[in-house]
Amino acid sequence: MDRSKIIADKAGQYSKAKEFVDPQGFVNFDSFKLSDLAGKKVVLIDFWTYSCINCIRTIPYLNAWYEKYKDLGLVIVGVHTPEFDFEKDINSVSKAVKDFGIKYPVVLDSNYGTWIAYNNNYWPAEYLVDIDGFVVHSKFGEGNYDETEKIIQGALAERGEALGLNTSIPKDMANPDGAISVSPF
């Protein structure tokens, strides 16, 4: 199918991803724009804060997905939006990133600019941005990791097709060590 037709169909179904708004700092990378990745990568944006137990229990899956799919075109970006004032300190966020073994980029959203741009209300919250820059999936809270991973796999397969790559996307599900699987209620 023609890419322009695919993009036009998506425009009627999905919204475009929003840029990071007024970041207060970065961990694990230098500044970049989300639009720089459109047409090149699939991006999973994860809103989190380091003292949120639900966020903490999600991190092993994010780390596993990053390791498993980073060479296949997935970029994960943690958007650290603090619930409490003490979570605004970049040194504390950097320490938490190190302690949790996070290797993917983290944007500090201490003034809630990106949070507001996404009209987000939850920790954790994930938004999957496809190769064309559309938010094709959102997930709030813990659980349903297999469902999210299948959608990531589909977005990566579409990326491969769009870029004319001959890549094979693994179909197995990540099962990170020490992860706690929680059923949503």
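Residues numbered from 1 in each chain as written. Predicted model: local features only at pLDDT ≥ 70, side-chain atom pairs only at ≥ 80, totals over all residues. Heavy atoms only, no water.

Asks: Can you help me understand the environment of V97 in this one?
Replies: In this structure, V97 sits in helix 3 (residues 90–99). Through-space distance from the C-alpha of V97 to that of V27 is 7.9 Å; in sequence the pair is 70 residues apart. With sequence-adjacent residues up to four places away left out, V97 is seen in contact with V27, N28, W48, I102 and V106. (Helix = DSSP H or I, 4+ residues; strand = E, 2+ residues; numbered from the N terminus. Contact = heavy atoms within 4.5 Å.)

Asks: Where do I start with the packing of aromatic side chains in this structure?
Replies: Think of a pair of aromatic rings as described by two things: how far the centres are apart, and how the planes are tilted against each other in angle. Counting across every chain of the model gives 17 aromatic pairs. Summarising the aromatic geometry, the rings of F20 and F32 are spaced 5.8 Å apart at their centres and angled 85° between planes, so their arrangement reads as edge-to-face. You can see F20 sitting in the loop between strand 1 (15–16) and strand 2 (25–27) and its partner F32 sitting in the loop between strand 2 and strand 3 (42–48), a full 12 residues away along the chain. Given the relative accessible area of 11%, F20 is considered buried. Through a chain of ring-to-ring contacts, the aromatic side chains of F47, Y112, W115, Y118, Y122, W123, Y127 and F140 assemble into a single cluster. Against the face of F134 rests K16, its NZ or CZ located 4.4 Å from the ring centre. (Phe/Tyr/Trp six-rings, centres within 6.5 Å; stacked < 30°, edge-to-face > 60°. Buried < 20%, exposed > 50% of the residue type's maximum accessible area, 1.4 Å probe, protein only. Lys NZ or Arg CZ within 6 Å of the ring centre and 35° of its normal.)

Asks: So what exactly am I meant to see when it comes to the pattern of salt bridges here?
Replies: Pairing is possible between side chains of opposite charge, provided their charged atoms come close. Across all of its chains, the model carries 12 salt bridges by this definition. Between K10 and E158 there is a salt bridge, with the nearest N and O atoms lying 2.6 Å from each other. Linking K10 in helix 1 (residues 3–13) with E158 in helix 5 (residues 145–162), this pair joins segments that are 148 residues apart in sequence. In this pair, the class of K10 matches that of E158, namely buried. For K88, the salt bridge identified is with D85, shortest N-O distance 3.3 Å. Note on D85: relative accessible area 61%, which makes it exposed. The network of salt bridges with shared partners includes R3, K10, D130, D132 and E158. (Salt bridge = Lys/Arg side-chain N within 4 Å of Asp/Glu carboxyl O.)

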